[in-house]
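Understanding the architecture of this molecule
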Amino acid sequence: MAKTNPGRFFEDYSVGQVLQHAVPRTVTEGERGLYHALYPARHALYSSDEFARDCGLPESPIDDLVAFHLVFGKTVPDVSLNAVANLGYAEGRWLKPVYAGDTLRSVSEVIGVKQNSNGKTGVVWVRTRGLNQLDEVVLEYVRWVMVRKANVDVPAPETVVPELKKVLDPQDLIVPEGLDFSNYNFALAGEPHRWGDYDIGETIDHVDGVTVEEAEHMLATRLWQNTAKVHFDLTFRPEGRLIYGGHVISMARTLSFNGLANAQMIVGLNGGAHANPCFAGDTIKAWSEVLDKAETGVPGVGAIRLRLVATKGGAPFALKNDEGRYLPDVLLDLDYWALMPQKEF
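This report concerns the structure included in the present document. (Residues numbered from 1 in each chain as written. Predicted model: local features only at pLDDT ≥ 70, side-chain atom pairs only at ≥ 80, totals over all residues. Heavy atoms only, no water.)

**Considerations on the overall build of the protein**
Definition in use: Strands here mean DSSP runs of E at least two residues long; helices mean DSSP runs of H or I at least four residues long; both are numbered from the N terminus. The globule rule is 2.2 Å times the number of residues to the power 0.38, and the radius of gyration it is compared with is taken over C-alpha atoms. The buried label goes to any residue with under 20% of its type's maximum accessible area, the exposed label to any with over 50%, and the partly exposed label to all in between, with areas taken from a 1.4 Å probe on protein chains only. By definition in these notes, contact holds between two residues if any of their heavy atoms fall within 4.5 Å. Accessible surface is estimated by sampling points in the Shrake-Rupley manner with a 1.4 Å probe; for residues, cover comes only from the protein chains shown.
Looking only at helices and strands, the protein features seven helices and eleven strands. Scaling as 2.2 N^0.38, a compact globule of 345 residues should have a C-alpha radius of gyration of about 20 Å, and the protein matches this with 20 Å. If one aligns the C-alpha atoms of the protein with their principal axes, the spans along those axes are about 65 × 50 × 40 Å. Across the 345 residues of the protein, 53% fall into the buried class. Look at the contacts in the protein between residues 6 or more apart in sequence, and 79% of them connect residues 24 or more apart. Surface exposure of the protein reaches about 14600 Å², of which carbon and sulfur atoms provide 51%.

What follows is the structure, encoded as structure tokens:
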């Protein structure tokens, strides 16, 4: 009996299958330091215990995307070890902040399968939940992945494509217990712009850019224990190691600080697409569009829906061609909800 794990192939998945992912991970303050070294993240709520306490939290949480990467990384050996590409996200919700000392694990359920017309690959949809040491769900999301078949002669399974919400209703969003922006310090946060200063339809060029380095990508991908072969093994992608999509997400989110410094907490992921591959040497730039705004009912806390687009040096505000296809310079199209102070007190 083989002792090694070759990973699952498309024909190994079936709707309703539950995947218990191995190797729980205890989060430490070192995680924050490494994250801020890899991505010059500056959102105040994730940088200062005192700022977080002034906002009603017991201490500074670990960055929301650290939680995402940790939970995501656990799933790779069972979901995307033999993936061709990670295709998209939906129905993502951050349900509880993650603090240093929490231990996270991941569980996924297969909710859809569809073989591609070439008969060599198929798409698998999974709903993943990240749980802490108290078995509380801290994060959940759906993603779909294109996976290779090991045996092209295996008959195609019955197609099941899940119905997913295109946009989370603001009532679906969870504001962390105790969060209160009544004492929010705009000067310390870095920008004066509050929830009411943003208009639906407004676009923001985040100006700055970061060139992707091979070593940083490899360090980040190992940090999240992401073992997908396309990120490490050049025999799978001779044209270059594929940069982990989460690396692009975090870099774009970091760049968005310039113009959205007060979009403090990501609480919802409506959708996302890795539009084109990213390789070392590409320069990531970012722009955002305000898609919607909503009240939360929590003192001083508003929700803002944002489109975050990462490009490899492309012009801002250009997204798709006349045929509705992503332009070749577009790397990421992410639709998310964030929490922002509504007014200055």
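**Considerations on empty space enclosed by the protein**
In plain terms, the rule: Buried and open spaces are told apart on a 1 Å grid over the protein atoms alone, a cavity being a set of points where a 1.4 Å probe fits but cannot get out and a pocket being an open set with protein on both sides within 12 Å along at least five of seven lines. Residues with an atom within 4 Å of a point are the lining residues. Grid points are joined across faces, edges and corners, and a volume is the space filled by probe spheres set on the points.
Scanning all chains against the criterion turns up three cavities of 30 Å³ or more. Its volume calculated, the largest cavity comes out at about 130 Å³. Taken together, 17 residues form the lining of the largest cavity, with W94, K96, P97, M265 and I266 sitting closest to its centre. Elements that contribute at least two residues to the lining of the largest cavity include exactly α3 (64-79) and β8 (265-274).

**Remarks on the pairing of strand β5 (residues 121-131)**
The test is simple: For two strands to be treated as a pair, DSSP must find no fewer than two bridges joining them.
Here β5 lies mainly inside the structure; ten of its eleven residues are buried. Pairing of strand β4 (residues 103-115) with β5 involves ten bridges; the strand directions are antiparallel. Note on β5: the bridge partner recorded for V113 is V124. The hairpin formed by β4 and β5 contains five residues between the paired strands, and G119 there has a positive phi angle of roughly 75°. Note: β5 against strand β6 (residues 137-148), eleven bridges, orientation antiparallel. Pairing of T121 across the sheet is with R148, part of β6.

**Here's the deal with the environment of A338**
For A338, the position within the fold is in strand β11 (residues 330-341). The buried category is assigned to A338, whose relative accessible area is 0%. When the C-alpha atoms of A338 and N262 are compared, they prove to be 9.3 Å apart, with 76 residues separating the residues in sequence. Among all residues touching A338, those that are not within four sequence positions of it are A263, M265, I266, V267, G302, A303 and I304.

**Considering the layout of surface pockets**
This is how the line gets drawn: Under the grouping applied here, Gly and all other residues not named as nonpolar or charged are polar, the nonpolar ones being Ala, Val, Leu, Ile, Met, Phe, Trp, Tyr, Cys and Pro and the charged ones Asp, Glu, Lys and Arg.
Its boundaries defined by the atoms lining it, the largest pocket holds a volume of some 370 Å³. As for the largest pocket, its lining consists of 28 residues, of which A85, N86, L242, G245 and H274 are closest to the centre. If you list the elements that add at least two residues to the lining of the largest pocket, you get α3, β3 (83-94), β6 and α6 (245-255). With six residues, the single largest contributor to the lining of the largest pocket is β3. Class assignment of the residues belonging to the lining of the largest pocket gives a composition of 18 nonpolar, eight polar and two charged.

**Some remarks on α3**
Our working definition: Each helix should span, by expectation, one fewer than its residue count multiplied by 1.5 Å.
The terminal C-alpha atoms of α3, which comprises 16 residues, lie 22 Å apart, in line with the 22 Å expected from a rise of 1.5 Å per residue. Within α3, 15 of the 16 residues are buried, which leaves the element mostly enclosed by the surrounding structure.

**Some points on α6**
Note that an α-helix has 3.6 residues per turn; residues three or four places apart therefore point the same way. The element α6 is largely enclosed, with a buried count of eleven among its eleven residues. Taken residue by residue, α6 has G245, G246, H247, V248, I249, S250, M251, A252, R253, T254 and L255 as its buried positions.

**A closer look at the side chain of R253**
Rules: Two residue types count as positive, namely Lys and Arg, and two as negative, namely Asp and Glu; His and chain ends fall outside the count. Between Lys or Arg on one side and Asp or Glu on the other, a salt bridge is scored when a side-chain nitrogen of the former is within 4 Å of a carboxyl oxygen of the latter.
Among the secondary structure elements, R253 is positioned in helix α6. The buried charged residue R253 lacks any salt bridge partner; its closest oppositely charged side chain belongs to D64, at an N-O distance of 4.0 Å. Setting aside residues up to four positions removed in sequence, R253 forms contacts with H43, Y46, D64, L65, A263, Q264, M265, I266, L308 and Y336.

**Focus on the packing of aromatic side chains**
The geometry of two aromatic rings is summed up by the distance between their centres and the angle between their planes. Threshold: Pairing of aromatic rings covers Phe, Tyr and Trp, the last through its six-membered ring, and needs centres within 6.5 Å; plane angles under 30 degrees mean stacked, over 60 mean edge-to-face, and all others mean tilted. The rule is short: NZ of Lys or CZ of Arg within 6 Å of the ring centre and within 35 degrees of the ring normal puts a charge over the ring.
Evaluation of the coordinates by the stated rule reveals eleven aromatic pairs. On the numbers, 5.1 Å between centres and 70° between planes, the contact of F181 with Y184 is edge-to-face. In this structure Y184 comes out as buried when scored by relative accessible area, which is 7%. The residue whose ring lies beneath K293 is W195, and the NZ or CZ to ring-centre distance is 4.5 Å.

**Description of the pattern of salt bridges**
Evaluated as defined, the whole model comprises 13 salt bridges. Notably, a salt bridge pairs D135 with R105, separated by 2.8 Å at the nearest N-O pair. Taken together, the residues span a long stretch of sequence, with D135 in the loop between β5 and β6 and R105 in strand β4 at a distance of 30 residues.

**Focus: the nonpolar core**
Test applied: Only buried Ala, Val, Leu, Ile, Met, Phe, Trp, Tyr and Cys residues count toward a nonpolar core, and they belong to the same one when joined by side-chain atoms within 4.5 Å.
With 57 residues, the main nonpolar core has F68, W224, V248, I284, I304 and Y336 as its most contacted residues. Counting residues per element, this core draws most heavily on α3, which supplies eight residues. What F68 contacts, discounting residues up to four positions off in sequence, is Y89, W94, L139 and Y141. In terms of nonpolar packing, the next biggest core, distinct from the first, is built from 23 residues, Y46, L57, M265 and V301 among them.

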